[in-house]
Amino acid sequence: MKTQSTFNISQASLAVLAALAAAPAWAEQEASGADDFPIERIVITGRLQRTASEVTEERRESPQVADLMGADQIARTGDSDAAAALRRVTGLTLKDGKFIYVRGLGERYSSTSLNGAQVPSPDPTRSVIPLDMFPAAIIQSLSVQKSASPDTPATFGGGHVDIRTKSIPADTFFKVSVGGQYNSLHSNDRLTYSGGSDDWQGKDDGTRAMPQSISDAFNTYGGVSVTDIFRVTGDADQSIAINRQLAQDMNRDMTVQAKDSSPGFRGSLAFGDSFDLDAGSDYILGFVGAGYYKQQTENYEQEEYELVNKEGELNASSIAKGTDDIVQWSAMWNMGLELTEDHKLETFSTYLRDTSDDVRVSIDETLDTISEDQALQRYAIDYEERTLISNQIRGQHYFPALWDLEASWQYTDARAERDAPNELNYKYSVVQNDDGSFASRSMARRSDAAVYRYSRLDDDTENYGFELALPIELGESVLRLSGGYEYFERARTSYSTRLSFDASRYQSENLTGEFGQVFGDDNLFNPDNGFALLDTTSETDDYIAAQMNDAAFFGFDWNFDEVFRITGGVRYEDFRQLVLPLTQEGQVSDEGGRNAITDYATSEDDWFPSLAATWTLNDEMQLRLAYSMTLVRPDLREVAPVRFQDPVTGFDMIGNADLQSSDIQNLDLRWEWYLESGSNLSVGGFYKRFDAPIESVQVVTEQDTLLTFQNAEDGWIYGIETEFFQRLGVFNEGSEILDGLFVAGNLTLSDSEIKITPSGNIDPTNTARRMTGHSEYVANLQLSFDSPGSMHSATLVYNVFGERIAYAGTGGLDDVYEQPFHSLDFTYSFYPTDSLSAKLKVKNLLGEESEYEQENHRVFWKNAGSEYTLTFAYQY
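Residues numbered from 1 in each chain as written. Predicted model: local features only at pLDDT ≥ 70, side-chain atom pairs only at ≥ 80, totals over all residues. Heavy atoms only, no water.

Enquirer: What is the right way to read the overall build of the protein from this model?
Expert: Helix and strand counts for the protein stand at 12 helices and 42 strands. A total of 876 residues make up the protein; the buried ones form 55% of that total. Carbon together with sulfur atoms contributes 53% to the accessible area of the protein, which is approximately 34800 Å² in total. (Helix = DSSP H or I, 4+ residues; strand = E, 2+ residues; numbered from the N terminus. Buried < 20%, exposed > 50% of the residue type's maximum accessible area, 1.4 Å probe, protein only. Areas by Shrake-Rupley, 256 points an atom, 1.4 Å probe, with all protein chains shown as cover.)

Right, here's the structure in full:
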């Protein structure tokens, strides 16, 4: 990149400790690793329905309110990744195909772990991991814990998601699958560019990267502009020549082209085995490996509008067509060693890479262009590689000679990267005919006619912990005491460079033609065009950050003769954080009047109690009650005074260094009924009270829409949840058809409210409203059939969420609401033999489109089409 900070990662971490020695403590908390003890789960299996009763029993025995999806259920619905699968869970909805909302709360109120350990996010705009990075092929189960416990992170809002990769098998297995994908929008032309998305590896070969000559120029001249170079050379002509030579070194073969769309491809491989190390011994070694690959093209159509007033008059509009070429790689290697039944060691290694090459062409209009009967044709190329590497080792031990003492421990080292070596936007001024054709088209005569952005984020985390547990018999009851310690550390660096092609002095005749022609060598060095390469990097583009969190917890689990069970405890967390915005020279910025490192540091510690009770009413029914105190901390991006673009809304956002943590009080009540037939029903209620909840709000500016973050005064959310699983065969015993049918579903009804006060240039229209991202209802319904003999299997799944606030309105305009999305998916599986299978999945059968409304006018619309996938698998 252009600069390298005078701080490195280790220095940043040390700076946290030094800065926080003098910093005041206030209330907040962060997540650290978690153990892998069983929590309450829900599973609805399709083929081989008997596994449902096993998981149902585990759910009954769990002390917490939680849900789970196993590999069988994920296979049943045909969901390709963790994000898509989790929207089937009670009260969960999906945002932008990546992020999960639990009980109608935004992704900030959920936390994620991998095999019980916290790992970093490769998305710089979110603290949570984009769950679409985890393919179903490597997932053993997904658990969602909805009530807090002492051994879970205190940063607990809506729930905690733990992604568990495949475990050590009991027997030898091998499975391979291949498949194809087709989208209803494949009839549209696929947008691409030379050297672009035809790379099946999803790895940049260096053609997109910023040239070394530009990095050298920053080191030599302190910048790339003519002025920067002239300060060193003292020769104007030479400075201009050097400036244009730097532009010549940049990748300008970026003309967007239209090609035929091709079907997608996907494939997976998994294998594993376990064996005795010595005949007759209790030493068992096992392993499991898996790999997954996907390449597909996703065409889409999109519209965006910005209102001036309630009547629907427009300030700006954008109508676009685009293509996102996606390549995903994943690999997993897990090993386990059992040293008798009392000791077990496991290792987990996970590699994920997700490459997106998004090309979009839009017609943009503003009040200025409309008055001149013109528009802008905007081309946007956004290429990024997201990578996550995680390595973990953990152990579980049982010591009968020490009063049945139990011990568990884990260590995890993980690294996330986001590399965007070439994001390009360029614009044409166009005049359209009535039929949509162009009467004229030429490169915009602007200083930012083309803008290149090179950015990279590296996020390293380390966490470890242990837990000890001791059972004590007290008459007819058993009391289990536990305690432990967890440590989490994060170090992040984020750098970005923006360079612009200045075409404001170009001769008119040289502005026509495609991108590679307008900025070809002849035009770059034509003195009549006055071309210049500009450095338009913002003073708030770069930052480094570090977090440290020490946590200790104590818990108890008291079981009274299998009738009453009380669990609870307390967790203590000592959290420290430092976020340093950097200037282009790599020095600490004085943004907001902060002049010392300590001005950017925060430190807080607090105690977080939790208590849960279970009353077994009879052999089939039980009642749960849980209460806890938790909190949610602002993300690093939200407190960094750094400007960035939100990938969901496309709006520019900037952090607020004055954000505080949100304290939360949680209350859960649930009744559960388990029938001997395997059917079950549960009804529950929940209530959460927030102190200073964090909301995204619009800043009043005279330029483009800008969002920031602000603490509201307070808020609350409450609701009811119900879910069921019913085998239809119980209504007509002996009927093979009905015995293969089952129906499952869940429904969440809830309401919320926050109160937010206008402050400075933040003037929300509604000072009392629902929480951002909250849906008043979420529903799932699943109808499945397994044929006699289990040769055929089919599932129809419906999901819908109620309208939710995308972002708050300002200037008298109402809030922007995302409209309900009715998702209907169908999966059919054919098993001609025990080893062979074929699966057909149809996603979005109804052809639903995403839509946002403001004042009953459409302000955002996206059509992603319907998707068809067909896979063939062989296993033994």
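Enquirer: Please explain the side chain of E638 as it appears in this structure.
Expert: Along the polypeptide, E638 turns up in helix α11 (residues 636–639). Beyond its immediate chain neighbours, meaning those up to four positions away, E638 contacts R108, G655, N656, L659, I694 and F709. (Contact = heavy atoms within 4.5 Å.)

Enquirer: Mind showing me how you'd approach the pattern of salt bridges here?
Expert: A pair can form between side chains of opposite charge whenever their charged atoms are brought close. Evaluated as defined, the whole model comprises 44 salt bridges. Ionic pairing is found between R456 and D419, a salt bridge with its closest N-O pair at 3.8 Å. Within this pair, whereas R456 is found in strand β18 (residues 450–474), its partner D419 is found in strand β16 (residues 405–432), the two being separated by 37 residues in sequence. In this structure, E672 engages R670 in a salt bridge whose closest nitrogen and oxygen atoms are separated by 3.0 Å. With respect to burial, E672 and R670 carry one shared label: buried. Residues joined by salt bridges that share partners form a network here, namely R415, E417, D419, R456, D458 and D460. (Salt bridge = Lys/Arg side-chain N within 4 Å of Asp/Glu carboxyl O.)

Enquirer: What should I look at first to understand the environment of I74 in this one?
Expert: By the element assignment, I74 lies in helix α3 (residues 71–77). Sequence separation between I74 and A85 is 11 residues; the distance between their C-alpha atoms is 6.0 Å. Excluding anything up to four places from it in sequence, I74 contacts M69, D79, A85, A136, I139 and L142.

Enquirer: Looking at this structure, how should I read the packing of helix α6 (residues 226–233) against helix α7 (residues 236–249)?
Expert: Relative placement of two packed helices is described by the angle separating their axes and the distance separating the axes. Where α6 contacts α7, the axes come no closer than 8 Å and their chain directions differ by 130°. If you check the angle between α6 and α7, you find them oblique. Handedness of the crossing formed by α6 with α7: right-handed. Contacts between α6 and α7 involve V226, I229, F230 and T233 on the former and, on the latter, A236, Q238, S239, I240, I242, N243 and L246. In terms of residue class, the contact of α6 with α7 is built from 7 nonpolar, 4 polar and no charged. (Axes fitted to C-alpha atoms, helices over the stretch in contact; angles between N-to-C directions. Parallel < 35°, antiparallel > 145°, perpendicular 65-115°, else oblique. Left-handed = near helix turned anticlockwise from the far one by under 90°. Nonpolar A, V, L, I, M, F, W, Y, C, P; charged D, E, K, R; others polar.)

Enquirer: What's the story with the packing of aromatic side chains in this structure? I'm lost.
Expert: What characterises a pair of aromatic rings is the spacing of the ring centres plus the angle enclosed by the ring planes. Enumeration over the complete set of coordinates arrives at 29 aromatic pairs. The interplanar angle of 70° and the centroid separation of 5.4 Å between the aromatic rings of Y109 and F690 together place this pair among those described as edge-to-face. One end of the pair, Y109, is in the loop between β3 (99–102) and β4 (110–114); the other, F690, is in strand β28 (residues 680–691), with 581 residues separating them in the sequence. In this pair, the class of Y109 matches that of F690, namely buried. (Phe/Tyr/Trp six-rings, centres within 6.5 Å; stacked < 30°, edge-to-face > 60°.)

Enquirer: I'm lost on a negative patch on the surface in this one. Help?
Expert: A contiguous patch of negative charge on the surface is contributed by D276, D278, D282, E338 and E341. With respect to the element layout, D278 can be found in the loop between β11 (264–276) and β12 (283–307). (Patch = residues over 30% accessible without salt bridge, like charges linked within 9 Å, V, L, I, M, F, W, Y side chains within 5 Å. Lys, Arg positive; Asp, Glu negative; His and termini not counted. Charge placed at Lys NZ, Arg CZ, Asp CG, Glu CD.)

Enquirer: Mind showing me how you'd approach the side chain of R266 here?
Expert: Along the chain, R266 turns up in strand β11. For R266, which is buried and forms no salt bridge, the nearest opposite charge comes from E867, at a distance of 4.4 Å. There is a polar contact of 2.5 Å between the side chain of R266 and the side chain of Q296. (Polar contact = N/O pair within 3.5 Å; in protein donor to acceptor, adjacent residues only side chain to side chain.)

Enquirer: Looking at this structure, how should I read unusual backbone geometry?
Expert: The backbone of D404 shows a phi angle near 60°, a positive value even though the residue is not glycine. Within the secondary structure layout, D404 lies in the loop between β15 (375–399) and β16. Here D561, not a glycine, exhibits a phi torsion of approximately 55°, which is positive. Along the chain, D561 falls in the loop between β21 (542–560) and β22 (564–582).

Enquirer: Explain the pairing of strand β17 (residues 438–443) here, please?
Expert: It is a general feature of regular strands that their side chains alternate between the two faces of the sheet. Examined bridge by bridge, β16 and β17 share 5 bridges and lie antiparallel to one another. Opposite Y428, over in β17, you have M443 as the bridge partner. Hairpin connection, β16 to β17: the antiparallel pair is bridged by 5 residues, and G436 has positive phi, about 95°. (Pairing = 2+ DSSP bridges.)

Enquirer: Honestly, helix α5 (residues 212–221) in this entry has me stumped. Any pointers?
Expert: Residues lying three or four places apart along an α-helix face the same way, a consequence of the helix completing one turn every 3.6 residues. When α5 is considered as a whole, its buried residues turn out to be I214, S215, A217 and F218. Across the axial projection of α5, the buried residues extend over an arc of 155°, all falling on one side. Opposite the buried face of α5, at more than 90 degrees from it, the exposed residues are Q212 and N219. Elements in contact with the buried residues of α5: α7, β19 (477–502) and β20 (532–535). (Arc of directions from axis to C-beta.)

Enquirer: Just to check I follow, could you spell out the sheet that holds β4 for this structure?
Expert: Across a sheet, strands are paired by hydrogen bonds formed along the backbone, either parallel or antiparallel in direction. In space, the 5 strands of this open sheet follow the order β1-β6-β7-β4-β5, with mixed pairing throughout. Edge positions in the sheet fall to β1 (66–70) and β5 (117–118), since each has one partner strand and no second. By the bridge criterion, 5 bridges tie β4 to strand β7 (residues 159–165) in an arrangement that is parallel. Looking across to β7, one finds that T112 is bridged to V161.

Enquirer: Sorry, what's going on with the nonpolar core here?
Expert: Soluble, globular proteins show a tendency: their nonpolar side chains are buried together. In this structure, Y426, M443, F501, F515 and F519 are the most contacted members of the largest nonpolar core, which totals 41 residues. Not counting the four nearest positions on each side in its chain, F515 is found in contact with R252, M254, T255, L424, Y426, Y428, M443, A450, Y452 and F501. V89, V102, I139 and A290 belong to the second-largest nonpolar core, a separate cluster that totals 31 residues. (Core = buried A, V, L, I, M, F, W, Y, C linked by side-chain atoms within 4.5 Å.)

Enquirer: Teacher, can you tell me more about the confidence of the model for the protein here?
Expert: Do not read the predicted coordinates in detail wherever pLDDT is low. Confidence along the protein averages 84 in pLDDT terms, with 87% of residues attaining 70 or more. A low-confidence stretch, residues 1–52 (pLDDT under 50), is modelled with 193 contacts involving residues beyond four sequence positions or located in other chains. (pLDDT = per-residue confidence, 0-100.)

Enquirer: I keep staring at the environment of P153 and nothing clicks. Help me out?
Expert: Following the sequence through the fold, P153 ends up in the loop between β6 (139–145) and β7. For P153, a relative accessible area of 3% corresponds to the buried category. Sequence-wise, P153 and A551 are 398 residues apart; in three dimensions their C-alpha atoms are separated by 8.5 Å.

Enquirer: Help me out: how do you make sense of a nonpolar patch on the surface in this one?
Expert: A cluster of nonpolar side chains, namely V176, L269, F271, W333, M335, L836, Y874 and Y876, defines an oily patch on the protein surface of about 690 Å² accessible area. You can see V176 is positioned in strand β8 (residues 173–183). Exposure remark for V176: the relative accessible area of 30% places this residue in the partly exposed category.

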